[in-house]
Amino acid sequence: MRGLITALEARVPGAAGHAERVGARSRLVARRLNGRHAIFGARLVASLEDPELTAIVCHHHERIDGSG
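All of the points below concern the structure found in this document. (Residues numbered from 1 in each chain as written. Predicted model: local features only at pLDDT ≥ 70, side-chain atom pairs only at ≥ 80, totals over all residues. Heavy atoms only, no water.)

Some thoughts on helix α3 (residues 37-46)
Argument step 1. Turning to α3, its buried residues number three or more, namely Ala38, Gly41, Ala42 and Val45. Across the axial projection of α3, the buried residues extend over an arc of 100 degrees, all falling on one side. What points out from α3, more than 90 degrees from its buried face, is the exposed set Arg43 and Leu44.
Argument step 2. Tucked inside the fold, the buried residues of α3 contact α4 (51-58). (Buried < 20%, exposed > 50% of the residue type's maximum accessible area, 1.4 Å probe, protein only. Helix = DSSP H or I, 4+ residues; strand = E, 2+ residues; numbered from the N terminus. Arc of directions from axis to C-beta. Contact = heavy atoms within 4.5 Å.)

Observations concerning the side chain of Thr54
Argument step 1. Of note, Thr54 is situated in helix α4.
Argument step 2. Residue Thr54 is classed as buried on the basis of its relative accessible area of 18%.
Argument step 3. Filtering out sequence-adjacent residues up to four positions away, Thr54 remains in contact with Ala42, Val45 and Ala46.

The values reported here are purely geometric and, on their own, carry no functional implication.
Below, the structure written as structure tokens:
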């Protein structure tokens, strides 16, 4: 990941700082959600009244064998 950020900074000055801030905030959100982001995302998508899309969002981390 560090290499990708370095390459981005070479092309777009200031981008590395932005990427670091986004990463830090993403980690904070992940800790607060305790990995439940799929459930919250599914609740948001449910308002679109598309059951298939809602199921995809809700279960996007599930393995085909159902083990998580």
